[in-house]
Amino acid sequence: MQLSRDELKRAYERMFLIRVFEERVEKEFSAGNIPGFTHVYLGQEACAVGVCFELTDEDYIGSTHRGHGHCIAKGVDVEGMMLEIMGKASGLCGGKGGSMHIADLKKGMLGANAIVGGSPPIAVGAALTQKLNKTGRVAVAFSGDGGANQGTVFEALNMAMVLHVPVIFVFENNEYGEFTTQSYACGGVHIADRVRGFGMPCEVVDGTDFFPVREAMQRALEHTRGDKGPYALEIQCKRFGGHYVGDPQVYRSEKELVEARAYDPIPRFRRAVSEAALLSEAEFNEIESAVQDRVDIAVQSALAALAPDPATDLTKHVYVKYA
Amino acid sequence: MQLSRDELKRAYERMFLIRVFEERVEKEFSAGNIPGFTHVYLGQEACAVGVCFELTDEDYIGSTHRGHGHCIAKGVDVEGMMLEIMGKASGLCGGKGGSMHIADLKKGMLGANAIVGGSPPIAVGAALTQKLNKTGRVAVAFSGDGGANQGTVFEALNMAMVLHVPVIFVFENNEYGEFTTQSYACGGVHIADRVRGFGMPCEVVDGTDFFPVREAMQRALEHTRGDKGPYALEIQCKRFGGHYVGDPQVYRSEKELVEARAYDPIPRFRRAVSEAALLSEAEFNEIESAVQDRVDIAVQSALAALAPDPATDLTKHVYVKYA
Amino acid sequence: MSKKTYLQAINEALRQEMRRDSKVILIGEDLVGGHGATGEVGGAGGPFGQMRGLYKEFGADRMIDTPISESAIIGAAAGAALTGLRPVAELMFVDFVGVCFDQIFNQVAKFRYMFGGNARTPLVIRATIGAGKRAAAQHSQTLHPLFTMVPGLKVAMPSNPYDAKGLLIQAIRDDDPVIYLESKSLFGMECEVPDEPYRIPFGEANILREGKDLTIVALGAMVPRAERAAAELAKDGISVEVLDPRTTSPLDEESILESVKKTGRLVVVDESPPRCSLAADIAGMVADKGFKFLKAPIKQVTCPHTPVPFAPILEDAYLPSPTQIEMAARSILD
Amino acid sequence: MSKKTYLQAINEALRQEMRRDSKVILIGEDLVGGHGATGEVGGAGGPFGQMRGLYKEFGADRMIDTPISESAIIGAAAGAALTGLRPVAELMFVDFVGVCFDQIFNQVAKFRYMFGGNARTPLVIRATIGAGKRAAAQHSQTLHPLFTMVPGLKVAMPSNPYDAKGLLIQAIRDDDPVIYLESKSLFGMECEVPDEPYRIPFGEANILREGKDLTIVALGAMVPRAERAAAELAKDGISVEVLDPRTTSPLDEESILESVKKTGRLVVVDESPPRCSLAADIAGMVADKGFKFLKAPIKQVTCPHTPVPFAPILEDAYLPSPTQIEMAARSILD
Ligand SMILES: Cc1ncc(C[n+]2csc(CCOP(=O)(O)OP(=O)(O)O)c2C)c(N)n1
Ligand SMILES: Cc1ncc(C[n+]2csc(CCOP(=O)(O)OP(=O)(O)O)c2C)c(N)n1
Ligand SMILES: [Mg+2]
Ligand SMILES: [Mg+2]
């Protein structure tokens, strides 16, 4: 594992924070406190946290419609997120973006993206900046397995190779794009095979376990930071719930849903770390209760916060300056 | 070679017809008789003719901006083509399409396409029609090496696999997309590798020789007609001239241009067939002079033909019927 | 005849046309749903339910689920249309047009003209449009001007269940490419809809309310809002004609001009930002051909020149409201 | 100050801005040319020559040749802009916008708004526009309405070398995404252009000719045509004001209204099909805000509602001619 106790705590805290945050999003959504469409990250926590674990605020990520987990893993403040998801004026994007457009540029989070395949080209651009400015930083482009069929994503893969920029493509293969399986929608067997067709190294990683994700990401970082060009990971994981909050999931059997839970990355982490006697039960419990408190506070604050004011906010921020 | 004498004659005639037609296009272009942008197929004759050799009028092809060779190989009438390229009313498209949009649906030619990557998705659709109507026919999608970087092409590859339709993707790798080499613009080494990443079989073929192209295409047809799904060929060939007629080609050395000519598929064919004593010099010469005549007649006819009439033709044919 | 929702009307049109003509196929993402999975295949009936029950009846050959590859979807549909099928392709949200616009505006729209009249491309592209669902900037646009401006396309925008069915059947039987835009916010709207198939010809406006003082032209989800404004104005004795062109291309210029001739005053309501909008298009047309009838400035009531915001209170303010329409009308009445 | 062509003016603006600010980079297809080949690298200076000489001076780091992947080009430029560079991306022909429109209209145009004002995307997208080169339906479009309608984008459309330089420098220094449209048919046009860098502010129209009887508004390649029509009308003593808004977004409404206030008559000339065009946009705006000044119908002179045809005689008839402009003007003069 080769992680310090502090690092282990941080990893668990981030994963657990995603878990609690997303369960709370489901709850608040059902209670009518969250408008619109929301896609939660439940079951995939080890992916985001493993991928973002070594990244700094100066490294960039481009995210997807299922972006809450990426935000939290990248260190974005959950209160600002909850405010945004509830459409409040003090949300990260002033309530204008919502769940599908959360961004926090100061944290290197270039935005969730409601267009499947929208982010990877943008991440290539962020990586280009790093290359030209010689910052030694990287950009990470998240896509789903469904997104791995969008032309823009292939273009981004090839462009990254040609421009030789420090970008890491992360394909979160949760077996579904909406209601359709990856096995149906994806010609060939592995997403990794198509990535390799562009001459890019691509590892297939078990995303239900934090440790292999983090280790693969270390290799990816070593590669890209060593100016060896882009790198990719196909991270296999499980989507515990529906495509969106409220999806009745008629296309999945009860059995499948139950089985997916067997791959829960959170107890798996806790078990492994406990068995290795690296963190105590008390320490885990302390993390968990602190996380619960944080999410509670975020929700209380967001529920109480003011909505934007149409008179001033509706037409603001379209341009920096419009003659 | 396993081709009858008649077949050999037909192959040579088609290749030679492309050669003479294109050289004449260059000449008429320089003389100011052909307006606009024109891309000729010189050097690549064996590709189109090898690919289209076994196709019937009920099989479809989708072409590129460099489409004259594909047309001729598919049996499109050169007089109608020359009329179109000169913008005449009796051209294949009434003078509205020109070189970059020649189409002849009755011959299964779904159009040149001035958008790089425009045709492959359309060819997938033509193949879908064949599948649903159980015609046993196929569609062929031509792209260049440059086109092999366009997102639409990757989407078409994957879609073809998922829909399991009888389409054959042909990548004509002439080493250049405009002024830039395939080796620069294409992450990875072979286009074939990216195709295989979608689970699609792809052969790399020498396109400066008619015979291997035709043989690869026979395997492709056997595969697709046998309901085994799509198939692809990366055909390596040489672009003798510039990207467009008039391109000064500062980016290519004299040496490279001379060396490219060593891969001329036409003398190569003639030599091989002569050595095997399958066709006589007299027979070759006869074909050649007939071809010359045909092109002469086409040009004479096109030069003499009437332009469209703006009063009646400008706004015609936008819709079948516009209320 | 029976009461049906807008969604049911779409479903019925699809079903009846698929029964009538085996060349009609549907292609898009998750029209069926569940391929390769462990539960029910085709159970969802599409992301919004327009396809409910169709998979059972027509099966996988005619209900084609695709990868998330819109260029390939539209391109494949275009190629199928060009070679003899009559595909109905779906863009789940019209906002996804950006990843496949080439196939729409450079390919399918131009085939017939570029090929000198030798091509026929009977393709329908269905897409959901409109704000109000708190779906934010990339899932709430309307975008009919984007299609209206393209020669070679026809554009239908039903504002009620009756039109939804009649226009969709016309779209499917039409020999030209048609963009058929479904207003998400109208899916639950109900009215009497004949059970048998019928067509509404393109380019024929629907006069929802006759009047003599002022004309309001509105499309899609703006029609009920225009009607509410008209009802409000009627309380003050102002007689408003409400006209729904139903298709933006072709546009029934004649009926609009006829109405303006009678009323001399025009308000155009458009669910889109103002620039190069359909509101501008209609206003510009009337400022030429109907100039002599005009007694007052032509008012356009549109969304502001901003993306669609997420927060409910902002989104509500974003959409043209009955009150705004009413105010615009009052501003040009003496 | 010296005579420069439109092409040279573009080249000079690029060169001067690249010298001034090392954050300015160019990205696109064959801006350099020759990578991996046996001849000269960077010799062509781009498909039309706008980049002539730049590669020698700025090298491969700042002149980035890409694969034929427009979505990745625009997306990468957007991502670079979002993280601190000032990229100038090129679409060789504006017609290629269909394969990358999402990155333009859903991504870069919306970042700032969706992200609550926290993003800045100083991106320029240069593209060539216009018919007249016998390049047929997919290489001859103008498409400024497509960008003008998108909140978040600015759109510049220079009609002469002086404006070409000043607007491009402004575009590069602007902190918002700008679409900069180069009229292919004007590349050879010459006029006096200052040697030093200067900016032309966006949203400020240029009055090319003052007049009192009628206003002609025209953009890009239509401006010289409008001027020719005005000169023709002047022979009959008709005094025409010719106004070039220079940018379509923002649009200098004030100057247009000011002019119409003076003349009472308006002809708008637009190189695009008529529906939801900029001609309609301007006509619609004036039919509201300038109604009280109008003495006659507003005329729009546009291309027909057809794709661009290939045959020279058809293409010539496709474009608004000085004669058509003149006739439109005469039709609204008593
Ligand atoms: C261009 C585009 N097409 C379709 C959609 C609708 N859509 C939203 S999410 C989604 C599925 C994405 O699947 P995947 O990439 O596997 O991500 P996951 O939801 O599994 O995280 C689809 C089809 C979209 N948002 N954008
Ligand atoms: C979408 C798009 N981008 C760029 C172009 C400009 N263009 C025309 S041909 C060409 C090169 C194509 O190269 P390749 O596919 O290898 O075909 P070849 O010319 O070698 O036959 C380019 C970049 C275009 N027509 N369409
Ligand atoms: Mg998925
Ligand atoms: Mg090539």
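Nothing here was measured: the structure is a model prediction, and the numbers come from that model. (Residues numbered from 1 in each chain as written. Chains lettered and ligands numbered in written order. Predicted model: local features only at pLDDT ≥ 70, side-chain atom pairs only at ≥ 80, totals over all residues. Heavy atoms only, no water.)

(A) A look at the overall build of chain A. Each helix and strand counted, chain A has 13 helices and 7 strands in total. At 19 Å, chain A has a C-alpha radius of gyration in line with the 20 Å of a compact globule built from 323 residues. A principal-axis box enclosing the C-alpha atoms of chain A has dimensions of 60 × 50 × 40 Å. Taken across its 323 residues, chain A has 64% of its residues classed as buried. Across chain A, the fraction of contacts at a sequence separation of at least 24, relative to all contacts at a separation of at least 6, is 72%. (Helix = DSSP H or I, 4+ residues; strand = E, 2+ residues; numbered from the N terminus. Rg over C-alpha atoms; globule rule 2.2 N^0.38 Å. Buried < 20%, exposed > 50% of the residue type's maximum accessible area, 1.4 Å probe, protein only. Contact = heavy atoms within 4.5 Å.)

(B) Quick peek at the overall build of chain C. Secondary structure summary: chain C contains 12 helices and 14 strands in total. Here the C-alpha radius of gyration of chain C, 20 Å, is about what a compact globule of 334 residues would show, namely 20 Å. Taken over the C-alpha atoms alone, chain C extends approximately 65 × 45 × 40 Å along its principal axes. Within the span of chain C, comprising 334 residues, buried residues form 75% of the whole. Total accessible area on chain C stands at roughly 8,700 Å², and carbon and sulfur atoms take up 48% of it. The averaged location of the 42 negative side-chain charges in chain C is 2 Å from the averaged location of its 36 positive side-chain charges. (Areas by Shrake-Rupley, 256 points an atom, 1.4 Å probe, with all protein chains shown as cover. Lys, Arg positive; Asp, Glu negative; His and termini not counted. Charge placed at Lys NZ, Arg CZ, Asp CG, Glu CD.)

(C) Structural detail: the interface of chain D and chain B. On the side of chain B, 46 residues touch chain D, which itself brings 42 residues to the contact. For the pair chain D and chain B, the two sides together bury roughly 3,300 Å², of which 66% comes from carbon and sulfur. It is Ile68, Phe310 and Leu314 of chain D in chain D that bury the most area against chain B; as a group they hold 20% of the surface buried on that side. Where chain D touches chain B, the interface holds 0 salt bridges. The interface formed by chain D and chain B includes 16 residue pairs in polar contact (both at pLDDT 80 or more). Sort the elements by how many residues they give to the side of chain D that touches chain B and helix 11 (residues 312–318) of chain D lands first, with 5 residues. Considered class by class, the residues forming the side of chain D that touches chain B number 22 nonpolar, 12 polar and 8 charged. (Buried area = accessible area lost by both parts, 1.4 Å probe. Salt bridge = Lys/Arg side-chain N within 4 Å of Asp/Glu carboxyl O. Polar contact = N/O pair within 3.5 Å; in protein donor to acceptor, adjacent residues only side chain to side chain. Nonpolar A, V, L, I, M, F, W, Y, C, P; charged D, E, K, R; others polar.)

(D) Summary view of the UniProt feature "domain: Dehydrogenase E1 component" (unreviewed entry) in chain A. Within this numbering scheme, the UniProt entry marks residues 14–310 of chain A as carrying the feature "domain: Dehydrogenase E1 component" (unreviewed entry). Between the end C-alpha atoms of residues 14–310 of chain A there is a gap of 35 Å, over a span that is 46% helix and 10% strand. (UniProt positions renumbered as here; feature names shortened; annotations may be inferred.)

(E) Looking closely at the interface of chain D and chain C. Counting residues at the interface gives 53 residues for chain D and 53 residues for chain C. Interface area for chain D against chain C, summed over the two sides, is near 4,200 Å², with a carbon-plus-sulfur share of 63%. In terms of surface lost to chain C, no three residues of chain D exceed Tyr113, Arg275 and Phe291 of chain D, which account for 17% of the buried area on that side. Counting the contacts that link chain D with chain C gives 4 salt bridges. Linking Lys299 of chain D and Asp288 of chain C is a salt bridge whose minimum nitrogen-to-oxygen distance equals 2.8 Å. Counting every contact that joins chain D to chain C gives 24 residue pairs in polar contact (both at pLDDT 80 or more). When contributions to the side of chain D that touches chain C are tallied by element, the ones reaching two or more residues are helix 4 (101–108), helix 5 (111–114), helix 6 (144–148), strand 12 (247–249), helix 10 (278–289) and strand 14 (299–302) of chain D. It is helix 10 of chain D that contributes the most residues to the side of chain D that touches chain C, 8 residues altogether.

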